[in-house]
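Given next are the chains, with one letter for each unit.
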Amino acid sequence: MHHPQSDDDLRSFMEEMDDVKRIASNDKVFVHNPQDSVAKKAKRAALSVDKDPLFNPLSMEGVKPVKPDDFIAFQQPGIQDGVFKNLRLGKYDIEQRITLSGTPLKTCRDLLFQSLKLAHEKGGRALLIQHGKGEHSQPFPALKKSYVNHWLAELDFVIAWHTAQPMHGGFGATYVLLKKHPQQKLINREKNRKR
């Protein structure tokens with residue numbers, strides 16, 4: 001069944017469409033999404049880390065000073081208490097030592113980031129950072145220790161840390177536990193192949 005009115009409607013519609021300009025395919029529409037927040041920006045920053053080997057996300061601002069003989073410790077939610085206890089007691093084999101003593105602070109920042117990133121990529125899990133107590137450091141005591149505490153919190157692949165036992169440097173050193181690398185099975189296969 002044919003409606004003459006629908007012909008008129010279609011004709012009117014088509015006449016109106018003559019004035020409509022087609023959008024070029026390279027035009028982009030940007031929609032502000034309030035969900036595009038800190039988490040997404042952090043994810044983008046993390047992705048850019050992989051693309052630019054010189055990019056260092058560790059910040060020099062906002063550090064909260066700790067005292068030379070303060071315990072510094074952190075346990076990411078979901079890390080088993082037994083795992084954290086073993087870290088705190090120095091029971092894990094230390095796979096790498098990172099020595100920051102006698103190194104300028106800005107150099108420490110790069111050294112720490114590159115060493116931790118590389119250790120994580122190679123499947124390392126337990127490390128020891130030797131930063132010293134810094135009793136006489138300037139502009140405040142425990143300068144490097146305070147920055148290490150600050151920097152470790154900025155790396156998502158660092159899942160726990162704790163002031164070392166006296167045998168490993170006590171208040172002048174920190175145990176660090178890294179997240180398992182997503183490619184851990186491949187890393188283990190490579191390690192075993194080299195043996």
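Computed from a predicted model, the values in this text were never measured in an experiment.

> I'd love a proper account of the packing of aromatic side chains, names of residues and values included.
Applying the stated criterion to the full structure yields three aromatic pairs. On the basis of an interplanar angle of 65° and a centroid distance of 5.0 Å, the ring pair of F71 and F171 is categorised as edge-to-face. Residue F71 is found in the loop between α2 (38–51) and β1 (73–75), and its partner F171 is found in the loop between β4 (158–163) and β5 (173–178); the two are separated by 100 residues along the sequence. According to the relative accessible area criterion, F71 is exposed, its value standing at 59%. F171 sits in the partly exposed class, given a relative accessible area of 26%.

> Describe the pairing of β4, with residues and values.
Where burial is concerned, most of β4 is hidden: six out of the six residues are buried. Of the strand pairs in this sheet, β1 and β4 are connected by three bridges, and their pairing is antiparallel. Following the sheet pairing, F74 is matched in β4 by W161. Relative to β5, β4 runs antiparallel, the two sharing five bridges. Bridge assignment links T163 to a residue of β5, and that residue is T174.

> Which residues make up the nonpolar core, and what values go with them?
Counting 27 residues, the largest nonpolar core has L116, I129, L152, V158, V176 and L178 as its most contacted members. Every element with two or more residues in this core is listed here: α4 (105–121), β3 (126–130), α5 (143–152), β4 and β5. The leading source of residues in this core is α4, at six residues. One finds F84, L87, I159 and Y175 within the second-largest nonpolar core, a separate group that totals ten residues.

> Tell me about the side chain of N56, and name the residues and values.
Its location among the elements puts N56 in the loop between α2 and β1. We classify N56 as buried; its relative accessible area is 9%. Side-chain polar atoms of N56 contact the backbone nitrogen of L58, separated by 2.9 Å. Those residues in contact with N56 that sit more than four places away from it in its chain are R109, D110 and F113.

Conventions used here
Residues numbered from 1 in each chain as written. Predicted model: local features only at pLDDT ≥ 70, side-chain atom pairs only at ≥ 80, totals over all residues. Heavy atoms only, no water. Phe/Tyr/Trp six-rings, centres within 6.5 Å; stacked < 30°, edge-to-face > 60°. Helix = DSSP H or I, 4+ residues; strand = E, 2+ residues; numbered from the N terminus. Buried < 20%, exposed > 50% of the residue type's maximum accessible area, 1.4 Å probe, protein only. Pairing = 2+ DSSP bridges. Core = buried A, V, L, I, M, F, W, Y, C linked by side-chain atoms within 4.5 Å. Polar contact = N/O pair within 3.5 Å; in protein donor to acceptor, adjacent residues only side chain to side chain. Contact = heavy atoms within 4.5 Å.

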